[in-house]
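# Remarks on the overall topology
This is what each chain is made of:
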Amino acid sequence: LQKLPEGVEIRRYEPYIIAETTVDAPGFREAGRQGFGTCASYIFGKNKSRNRKGESEKMAMTAPVRLDGGQKKKTSISFVIGSNYTLKTVPRPLDKRIKLRQVPAHTLAVKSFSGPPPKDERVVRERQRLESVLAKEGIS
């Protein structure tokens, strides 16, 4: 973890699993509304456990909720699955719109903010601030 000015951090993430859905909605707010419920249903039990025959399994809610896209017609929404699961042990989704996949290790520049899915204008503004800090720090 490297702390930079204005609340920006450089974080290194180890590989992790996500439950992801893609919605036909531009913008983070509308897409987040549509996709959040689908992902939440999966972790709260709309799944089939691989350990308990035929039963569903409730999983803990984790952070962050990831949104990817926003400016395009399709946006992906995903929940990070707890580290106690592997792709072989994580419950199978019952909803075909949920896909499970492993995200490889990576490094990101982040600036946290909480609340409901932000308006697209705020996402653009926060991204510009983050990129400005990175430029001032000589990080590309």
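Residues numbered from 1 in each chain as written. Predicted model: local features only at pLDDT ≥ 70, side-chain atom pairs only at ≥ 80, totals over all residues. Heavy atoms only, no water.

The subject of this paragraph is unusual backbone geometry. For E6, which is not a glycine, the phi torsion comes out positive at approximately 60°. Relative to the elements of secondary structure, E6 occurs in the loop between β1 (2-3) and β2 (9-13). (Helix = DSSP H or I, 4+ residues; strand = E, 2+ residues; numbered from the N terminus.)

On to the environment of A60, then. Tracing the sequence through the fold places A60 in the loop between β4 (47-48) and β5 (65-68). Counting along the chain gives 51 residues from A60 to E9, while the straight-line C-alpha distance between them is 25 Å.

Looking now at the packing of aromatic side chains. In this structure the tally under the stated criterion is two aromatic pairs. Where Y13 meets Y16, the ring centres are 6.3 Å apart and the plane angle is 65°; that geometry is what we call edge-to-face. When its relative accessible area of 22% is taken as the criterion, Y13 is described as partly exposed. With a relative accessible area of 15%, Y16 lands in the buried category. (Phe/Tyr/Trp six-rings, centres within 6.5 Å; stacked < 30°, edge-to-face > 60°. Buried < 20%, exposed > 50% of the residue type's maximum accessible area, 1.4 Å probe, protein only.)

Before going further, it helps to examine helix α1 (residues 28-43). Under the 1.5 Å per step criterion, the end-to-end length of α1 is 21 Å for 16 residues, consistent within 8% with the ideal 22 Å. Of all the bends found along α1, the most pronounced is centred on G35 and spans about 30°. The complete set of buried residues in α1 reads F28, A31, G32, G35, T38, C39, A40, Y42 and I43. One or two steps after α1, the chain reaches G45, where phi turns positive at roughly 130°. (Expected span 1.5 Å × (residues − 1). Bend = angle between axes of the 7 residues up to and from the residue.)

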